[in-house]
Amino acid sequence: MADSVKFILDENEIPKAWYNIVSDLPEPPAPVMHPGTGQPVGPDDLAPLFTMAAIMQEVSAERQIDIPEPVRDIYRQWRPSPLYRAYRLEAALDTPARIYYKYEGVSPAGSHKPNTAVAQAFYCREEGIKRISTETGAGQWGSSLALAGSFFGLEIEVFMVRVSYDQKPYRRAFMETFGATCHPSPSNLTEVGKKILADNPDSTGSLGIAISEAVEVAAQRDDTKYSLGSVLNHVLLHQTVVGQEAIRQMELADDYPDVIVGCTGGGSNFAGLTFPFIGRKLRAEQDVRVVAVEPANCPSLTKGKYAYDFGDTGQMTPLVKMHTLGSSFVPPSSHAGGLRYHGMAPLVSQLVDLGQVEPTAYSQTECFDAGVTFAKAEGILPAPEANHAVKGALVEAMRCKEEGESRAILFNLCGHGYFDMQAYMDYSSGKLADHPYDESEVAMALAGLPSVA
Ligand SMILES: *Cc1c(COP(=O)(O)O)cnc(C)c1O
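Along each chain, residue indices are assigned from 1 in the same order as the chain's sequence is written. Reporting of local features is limited, given that this is a predicted model, to residues whose pLDDT is at least 70; pairs of side-chain atoms are given and counted only at 80 or more, and all residues count toward the totals for whole chains, interfaces and linings. Only hydrogens and water are set aside when side-chain values are computed; all heavy atoms of the structure are taken into account.

A. How the structure looks around the packing of aromatic side chains. Think of it this way: a Phe, Tyr or Trp ring, Trp meaning its six-membered ring, pairs with another when their centres are within 6.5 Å, and the plane angle makes it stacked under 30 degrees, edge-to-face over 60, tilted otherwise. Counting across every chain of the model gives 14 aromatic pairs. Seen in terms of ring centroids, Tyr75 and Trp78 are 6.1 Å apart; in terms of plane orientation they differ by 65°. Their pairing is edge-to-face. Each residue is assigned to one of three classes by its accessible area relative to the maximum for its type, calculated with a 1.4 Å probe on protein chains only: buried under 20%, partly exposed between the two thresholds, exposed over 50%. Residue Tyr75 is classed as buried on the basis of its relative accessible area of 0%. Residue classification places Trp78 among the buried residues on the basis of a relative accessible area of 6%.

Right, dumping it as structure tokens:
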């Protein structure tokens, strides 16, 4: 059995610019709308919440956006991240497929998220901001921003989804070690949180609720900006270092993916790996199939509606056109907390609508089965979210076996699961359950979508 092989790039091959897929889309993205006026929002509407740098990137149509040197300097600590050919996994599956994975778990927070956290914190410092408020699901985003905040001397305030706050105390300890403050959400610290607790004192929380709380805090103070770890164009943009490196590493492997697989919560790790490849396809340079994997109990791409909706449960954000289950829908709890979001990045949604991305959904237990198979062969324990990408890749690999075809499969191993051992304990003891979502709740949430002319 061949050992798995690692393709490593030199530090000077860290990309010098992020890749903006908007430049290659056949039509411009749908505008972001103001819920009150029904008109497109302008930079001034967003200025209380975001830095000017982030806002300009959010609306940019330039293909390349330079990565500031101080950000590249920090990237150097773990980038370029490795890309592996998974020979041992191929042997374990007895598949003719050639399986590759890009591993983002080598970052100090253990996932892809510092790629954007460092950039966002840098721009805040440049613009004289003192504090950043944010939400976190499973804790990876809060950890990443806590880390970036300590690099740039910023105070970080994190609203952590209640169910994860209880499930993942080590993530909270991580954030606090880097000096961040962490509250369970919903909390009594905001009007939105108080209202939700009044209606449902046992609320497990959701990303949509935690976003509302963080936005409320940022909107109240001039020295505070809000930061989002996924969904928005500028966040996806910052992640494109992943795919640009992967293109170069596939060259070193003397191969090119026939299919690329990523898991989708808000869409950022998926976009990071796939957008540079999809750009090549849109420019008619090289073809590729792209598969998005979401959890079966939070299926925004496969069961949601492509429509304007709020980004948060408290309906404080502008309206974006995306695949959504409705902003009032609270997804059932699962260990893949990073995938429990009612919506999806507008750019990923648009690419699904254009037929450039094939969405699929799998349940938590089948994803853990895949993750454990992967771990035994490759020696890395994936994050519960990343198990969804592993599952998608295994499905493709088994298809190759059935068809007797050798295709190249590339997936994003977007994070490790070493803070998620409770999930693996539940899995081993047979306690990991699939909690289906309530279809009537989604129907109700979708019936309440805002109307946009
Ligand atoms: C946050 C997170 C996700 C979900 O967010 P995306 O924006 O969809 O990438 C997935 N995997 C890991 C490891 C995460 O930390």
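B. Structural context of helix H13 (residues 268-282). Of all the bends found along H13, the most pronounced is centred on Thr274 and spans about 45°, while Pro276, a proline, follows it within four residues. Under the DSSP-based scheme used, a helix requires at least four consecutive residues in state H or I and a strand at least two consecutive residues in state E, with every element numbered from the N terminus. Across the 15 residues of H13, 13 count as buried, placing the element largely inside the fold. A positive phi of about 60° marks Ala284, the residue just after H13. The term bend refers to the angle at a residue between two fitted axes, each drawn through seven residues, those ending there and those starting there.

C. Structural view of a nonpolar patch on the surface. On the surface, Met52, Met56 and Val59 cluster together into a nonpolar patch covering about 280 Å² of accessible area. Inspection of the secondary structure puts Met52 in helix H2 (residues 52-58). With relative accessibility at 35%, the residue Met52 sits in the partly exposed group. Patch criteria: residues need more than 30% relative accessible area and no salt bridge. Like-charged residues are merged within 9 Å; nonpolar side chains of Val, Leu, Ile, Met, Phe, Trp and Tyr are merged within 5 Å. In short, Shrake-Rupley with a 1.4 Å probe defines the accessible areas, and a residue's cover is counted only from the protein chains shown. Just to be clear on terms, a salt bridge is a Lys or Arg side-chain nitrogen sitting within 4 Å of an Asp or Glu carboxyl oxygen.

D. View of the side chain of Asp420. Looking at the secondary structure, you find Asp420 in the loop between strand S15 (408-413) and helix H18 (421-428). For Asp420, a relative accessible area of 3% gives the class buried. Apart from residues lying up to four places away in sequence, Asp420 is in contact with Lys168, Ala383 and Pro384. Contact between two residues is taken to exist if any of their heavy atoms lie within 4.5 Å; hydrogens are not considered.

E. Expanded view of the side chain of Asp24. With respect to the element layout, Asp24 can be found in the loop between strand S2 (17-19) and helix H1 (43-46). There is a polar contact of 2.7 Å between the side chain of Asp24 and the side chain of Arg283. Beyond its immediate chain neighbours, meaning those up to four positions away, Asp24 contacts Tyr19, Arg63, Gly279, Leu282 and Arg283. Definition of a polar contact: a pair of N or O atoms within 3.5 Å, with one able to donate and the other able to accept a hydrogen when the atoms are protein atoms, and with sequence-neighbouring residues admitted only if both atoms are side-chain atoms.

F. Representation of the packing of helix H12 (residues 241-252) against H13 in the model. The N-to-C vectors of H12 and H13 enclose an angle of 65°; their axes lie 6 Å apart at closest approach. As H12 runs across H13, the sense of the crossing is right-handed. Taking contact as the criterion, the partners of Val242, Gly243, Gln244, Ala246, Ile247 and Met250 in H12 are, on H13, Gly272, Leu273, Pro276, Phe277 and Arg280. Polar here means any residue outside two lists: the nonpolar Ala, Val, Leu, Ile, Met, Phe, Trp, Tyr, Cys and Pro, and the charged Asp, Glu, Lys and Arg; Gly therefore counts as polar. For the contact of H12 with H13, the residue count by class is seven nonpolar, three polar and one charged. To get an axis, a line is fitted to the C-alpha atoms, and for a helix only the part in contact is used. The angle between two axes follows their N-to-C directions and goes from 0 to 180 degrees. Should the near helix be turned anticlockwise from the far one by less than a right angle, the crossing is left-handed, and should it be turned clockwise, the crossing is right-handed.

G. Fine view of the environment of Gln356. Within the fold, Gln356 resides in the loop between helix H15 (346-353) and strand S14 (358-362). By relative accessible area, which is 17% here, Gln356 ends up buried. For the pair Gln356 and Val288, spaced 68 residues apart in sequence, the C-alpha to C-alpha distance is 9.2 Å. What Gln356 contacts, discounting residues up to four positions off in sequence, is Ile278, Lys281, Leu282, Val290 and Leu351.

H. How the structure looks around the site of the ligand. Taken together, 17 residues are adjacent to the ligand, and Lys113, Ser230, Gly265, Ser268 and Asn269 come closest. In this structure, Gly265 approaches the ligand through a main-chain N or O atom, which is 2.7 Å from an oxygen atom. The backbone of Gly267 places a nitrogen or oxygen atom 2.9 Å from an oxygen atom of the ligand. Contact with the protein chains hides 97% of the accessible area of the ligand, taken as 380 Å² for the molecule alone. Partitioning the shell around the ligand into residue classes produces three nonpolar, 12 polar and two charged. Domain start and stop points were drawn from an automatic or database domain assignment. Shared between two domains, the shell around the ligand takes at least three residues from each, and those domains are domain 1 (5-13 + 79-110 + 234-444) and domain 2 (47-67 + 112-232). One heavy atom within 4 Å of a molecule or strand is enough for the residue carrying it to be called near that molecule or strand.

I. Spotlight on the sheet that holds strand S11 (residues 289-295). In space, the seven strands of this open sheet follow the order S1-S4-S5-S15-S10-S11-S14, with mixed pairing throughout. Here the strands that pair on one side only, and so sit at the sheet edges, are strand S1 (5-7) and S14. On average, each strand axis in the sheet is tilted by 25° relative to the strand beside it, whichever way the strands run. Between any two strands, pairing holds if DSSP finds at least two bridges. Two strands pair when backbone bridges link them, and strand S4 (residues 83-85) and strand S5 (residues 98-103) are joined in this way by three bridges, in the antiparallel orientation. Bridge pairing in S5 places Tyr84 opposite Tyr101. Strands S5, S14 and S15 of the sheet are contacted by helix H16 (residues 364-378), whose axis makes an angle of about 95° with S14.

J. Inspection of the domain arrangement of the protein at higher detail. Taken as a whole, the protein is organised into domain 1 (5-13 + 79-110 + 234-444) and domain 2 (47-67 + 112-232). A separation of 22 Å is found between the C-alpha centroids of domain 1 and domain 2. Note on definitions: buried area is the accessible-area loss of two parts on being combined, 1.4 Å probe, summed for both. Here domain 1 meets domain 2 over a buried area of about 3,500 Å², counting both sides, of which 60% is carbon and sulfur. For the domain 1 face of the interface with domain 2, the top three residues by lost area are His234, His238 and Phe419, together amounting to 21%. The tally of links between domain 1 and domain 2 comes to one salt bridge. With its nearest N and O atoms 2.7 Å apart, the salt bridge here joins Lys168 to Asp420. Ranked by residue count, the leading element in the side of domain 1 that touches domain 2 is helix H11 (residues 233-238), at five residues.

K. Focus on the pairing of S11. Extensive coverage of S11 is indicated by the burial of six of its seven residues. Seen with its strands pointing away from the viewer, a crossover is right-handed when the path leading from the first strand over the helix to the second is clockwise. Crossover connection from strand S10 (residues 259-263) via H13 to parallel S11: handedness right-handed. When S11 meets S14, the two strands line up parallel, connected through five bridges. The residue bridging Ala292 from the neighbouring strand is Pro359, located in S14.

L. Examining H18 more closely. Along H18, the positions that sit buried rather than exposed are Ala423, Tyr424 and Asp426. Along the long axis of H18, the arc covered by the buried residues comes to 155°, so they all point the same way. Exposed side chains of H18 directed beyond 90 degrees from the buried face belong to Met425 and Ser428. Those residues of H18 that are buried lie in contact with H16 and helix H17 (384-403). Remark: Gly430 follows H18 within two positions and exhibits a positive phi of approximately 70°. In this context, the arc is that of the directions from the helix axis out to the C-beta atoms.

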